[in-house]
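# Inside the fold
Take a look at the letters that make up each chain.
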Amino acid sequence: MAVFASRGRAVDQAGWGRTAFAAAVSLVYFFPVLVIIITAFKVHADALAVPAKLFPWDLFGLIPQRFTFDPTLQNFVNVFSRSFSAGAQAQSTGFGLYFFNSVFIAGAAVALALVIGTLAAFGFSRYPLKGNDTYLFIILTTRMLPAIVVIIPVMLLFRVTGLAGTYTGIILLYTAFNLPFTIWMMKSFFDELSPDVEDAARLDGSTDRRVFFKICLPQVVAGLAATAVFGLILTWNEFLFALLLTGIETRTVPVAMSQTIGGDIGVRWGLLAAIETLFLIPVILVTFFLQNHLLRGVTFGTVKR
Amino acid sequence: MSTIELRRVTKRFGTFTAVREVDLSVAPGEVVCLLGPSGCGKTTTLRIIAGLEQASEGEVLIAGRQMNDRTPQERDIAMVFQFYALYPALTVGENLGFPLHAEGVSSAERARRVRQVADTLQLTHILDRLPGQIAEGEKQRVAIARAIIRDPNCFLFDEPLSRLDVELRQTMRGQIKEVLQGLSKATVIVTHDQLEALTMANRTAIMRDGLIEQIGTPHEVFARPANAFVASFIGTPQMNLIGGELVRAEGGTAEIRMEGTLVRLPVDPAVGAMKPGRVTIGMRPRAVGLASDPGPEAFTALAELIEPMGAETLIHARTVNGDDIRVVLPRARRVSVGETLHLVPEAGQTHVFDADGKAVRS
């Protein structure tokens, strides 16, 4: 009995050694992001300093002066101010619009893909056609090429249809991008559900629509969350198509960010880091609020119920 | 008029025939059990009644109307599933009220009926919980409550007790029986447990390989099994089936040769009409007595294994021609391993099956 108890505790509490090791590894992973966040609070000179100034405080004199810097919020202010004086020339930033574009385009594309993909997945799962697997395979083939391979035809298509530079165009494109993944993910979630539950609902007089909305959909909320987060990250960070297919007014943050590089004074690292820091926040927030669903979602079906 | 009627219903899955020409009718207020080993087609038969499977051939009538092409929604049937099939995302209360939505019941009336059925099955304290948060026995009660909240044509139960532990199973068996008696609806219960079938049903249909082998009251299928399969399937311990050769039968007695020994057994008068030849003799372990001496009515066997079961003792013995025979004796009668037993079948309790396994009976 005592043996089991001590074993149980050992599993619960990994011990300080392991915890420290895990923390160290986490820090290595997090370090690049941490550097970006720290840089966002530096003035231009501090951002360029070698050796790198990593500490905003001297921790009661513990850290030598040359490793510390004075934090500033000016970079964040500059992100949203319409223009600011950098050296001799005024530069336009206007990131408010770009952030709105990113949120709107990614949100709309993921939501649209989720709606269409979930319905399609339910169909593939519950009303299989002849050659069901072939169709599913064909849907996946669109993700088998690197995106750059199709960029010329897509650009021509957008030019001809007048979709280039519009919200509709880029949202439709991202929706199409997200669909295969959404359909495959959601189908696997629907496949896992007990058919008995749906049979029971039918015997209880439910229409197929009611079975879908009241019985099936609530059971795959975890799957919806996981799929949404993956789709969101993919769309949020997309650069290539956004660069080539968005206009000045529909530009997303990754594209706009790349265009702040250059100019006569070189890269404004502080500004860039501030944009990146702000750019991280929505993804972190979404992932944080959905993480319980997310964990359940990605491990769904790996353990027999 | 019967509520459920199956006429020569056959169900094929590809080349496999799951149900063969099943005829079954269930009257209002009657409880019929479909009993059989796994894979015998009993659940498929139930699903055909529910409309979850389509019959390949034959007719399905419910409440006098042809239902073959009707969806489950249109059949007005309540079913309790083996794994309960509670709606995981809805609370117990919402689960119970769910069937009433389709009937267009007002929300006040719905709440009243949910409370009423929750009272009947002692579920009031868990109405706000999700199915994942309640115990197995409670899930079972929720499943039953969800079925009885409506007033359907009939009830179907698929292995309703198979997931419960032994103690709970006994309690629930009584509770289900009580609920069903109060409802007076046609009910079909699928089970592989003969005790469940015999205790809960008015009639039991014993199925094997898609065929109904016999259908009758619990008493009939036990006392007058139609064939050797039913005889061996019903009753614990299993009925002894011993091969022998019919030499002569007259009146109520037959002379049967079992590997050299000629035994005179009291049998059904109909055996007298049989030609001499191979037969199978069926004797229930509790219908075999012990004689002190060898006699013309007794045959001998060697006790091999003794299992005390409390009030009684189960003895496994071997006859001279190598057949296994099980005998149940009162606890007071002590037998030791290796002892030679003189077994005397009880009069009127011996079943004779012909070469095809069919019971010979008047």
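Note that this is a predicted model, so its numbers are computed, not measured.

## Looking at the overall build of chain B
- Secondary structure assignment for chain B yields 9 helices and 20 strands.
- Residues classed as buried in chain B amount to 41% of the 362 residues present.

## Some words on the overall build of chain A
- Along its length, chain A carries 15 helices and 2 strands.
- In chain A, which comprises 305 residues, the proportion classed as buried is 30%.
- A sequence separation of at least 24 residues applies to 73% of the contacts in chain A between residues at least 6 apart.

## Quick look at the packing of helix α9 (residues 195-203) of chain A against helix α10 (residues 208-219) of chain A
Residue and element names in this part refer to chain A.
- Closest axis-to-axis distance for the α9/α10 pair is 10 Å, and the angle between their directions is 135°. On the basis of their axis angle, the class for α9 and α10 is oblique. For the pair α9 and α10, the sense of crossing is right-handed. Contacts between α9 and α10 involve Val197, Glu198, Ala201 and Arg202 on the former and, on the latter, Val211, Ile215 and Cys216.
- Tallied by class, residues from the contact of α9 with α10 come to 5 nonpolar, no polar and 2 charged.

## Overview of the confidence of the model for chain A
Residues and elements named next belong to chain A.
- With 87% of its residues at a pLDDT of 70 or more, chain A shows a mean pLDDT of 84.
- Model confidence for chain A, summarised as mean pLDDT per element, is weakest for helix α1 (residues 2-12) at 47 and strongest for helix α5 (residues 95-126) at 94.
- Low confidence marks residues 1-8, where pLDDT is under 50. Its contacts with residues over four positions away, or in another chain, come to 0 contacts.
- The low-confidence segment residues 301-305 (pLDDT under 50) makes 1 contact with residues lying over four places distant or belonging to another chain.

## Examining the interface of chain A and chain B
- Between chain A and chain B, the residue contacts involve 14 residues of the former and 17 residues of the latter.
- Listed by contribution, the elements that provide at least two residues to the side of chain A that touches chain B are α9 and α10 of chain A.
- The leading source of residues in the side of chain A that touches chain B is α9(A), at 7 residues.
- Tallied by class, residues from the side of chain A that touches chain B come to 6 nonpolar, 4 polar and 4 charged.

## What about helix α13 (residues 253-260) of chain A?
- Of the residues making up α13(A), those classed as buried are A:Val253, A:Val255 and A:Ala256. Down the axis of α13(A), the smallest arc covering the buried residues is 160°, so these residues share one side.

## Considerations on the packing of helix α3 (residues 92-102) of chain B against helix α4 (residues 107-120) of chain B
Residue and element names in this part refer to chain B.
- In the contact formed by α3 and α4, the axes pass within 9 Å of each other and the chain directions differ by 120°. Taken together, the axes of α3 and α4 are oblique relative to one another. Relative to α4, the crossing made by α3 is right-handed. Here α3 contributes Gly93, Leu96, Gly97 and Leu100 to the contact with α4, which in turn contributes Arg110, Arg113, Val114, Val117 and Ala118.
- Classifying every residue of the contact of α3 with α4 by side-chain character gives 5 nonpolar, 2 polar and 2 charged.

## Observations concerning the environment of B:Ser56
Residues and elements named next belong to chain B.
- Position of Ser56 among the secondary structure elements: in the loop between α1 (42-50) and β4 (57-62).
- Distance from Ser56 to Val9, taken between C-alpha atoms, is 7.4 Å for residues 47 residues apart in sequence.
- Setting aside anything within four residues of it in sequence, one finds Ser56 in contact with Thr10, Lys11 and Arg12.

## Topic: the nonpolar core
- B:Cys33, B:Met79, B:Ala145, B:Leu156, B:Val188 and B:Ala205 are the most contacted members of the largest nonpolar core, which has 157 residues in total.
- By residue number, the principal contributor to this core is α5(A), which donates 12 residues.
- With residues near it in sequence (within four places) discarded, B:Cys33 still touches B:Ile189, B:Thr191, B:Ala197, B:Met200, B:Ala201, B:Thr204 and B:Ala205.

## Structural notes on the pairing of strand β12 (residues 253-258) of chain B
All names here are of chain B.
- One ladder, built from 5 bridges, connects strand β11 (residues 240-250) with β12; its direction is antiparallel. Counted as the bridge partner of Ala249 is Ala254 from β12.
- One ladder, built from 6 bridges, connects β12 with strand β13 (residues 261-266); its direction is antiparallel. Opposite Thr253, over in β13, you have Pro266 as the bridge partner.

## A closer look at the sheet that holds β12(B)
Residues and elements named next belong to chain B.
- The sheet built from 5 strands is open, its strands ordered β13-β12-β11-β14-β20 with antiparallel pairing. Each edge of the open sheet is held by one strand with a lone partner, namely β13 and β20 (350-353). Ignoring strand direction, the axes of neighbouring strands in this sheet form an average angle of 45°.

## Digging into the sheet that holds strand β19 (residues 340-345) of chain B
All names here are of chain B.
- Taking strand neighbours across the sheet as the criterion, the 5 strands line up as β15-β19-β16-β17-β18 in an open arrangement whose pairing is antiparallel. For this open sheet the edge positions go to β15 (288-291) and β18 (324-330), each flanked by a neighbour on one side alone. Taking the axes of each pair of neighbouring strands and ignoring which way they run, one obtains an average angle of 50° across the sheet.
- Note that β15 and β19 share 4 bridges and pair antiparallel.

Calculation criteria
- Residues numbered from 1 in each chain as written.
- Chains lettered and ligands numbered in written order.
- Predicted model: local features only at pLDDT ≥ 70, side-chain atom pairs only at ≥ 80, totals over all residues.
- Helix = DSSP H or I, 4+ residues; strand = E, 2+ residues; numbered from the N terminus.
- Buried ≥ 20, exposed ≤ 12 C-beta atoms within 10 Å, placed from the backbone.
- Contact = placed C-beta atoms within 7 Å.
- Axes fitted to C-alpha atoms, helices over the stretch in contact; angles between N-to-C directions.
- Parallel < 35°, antiparallel > 145°, perpendicular 65-115°, else oblique.
- Left-handed = near helix turned anticlockwise from the far one by under 90°.
- Nonpolar A, V, L, I, M, F, W, Y, C, P; charged D, E, K, R; others polar.
- pLDDT = per-residue confidence, 0-100.
- Arc of directions from axis to C-beta.
- Core = buried A, V, L, I, M, F, W, Y, C linked by C-beta atoms within 7 Å.
- Pairing = 2+ DSSP bridges.

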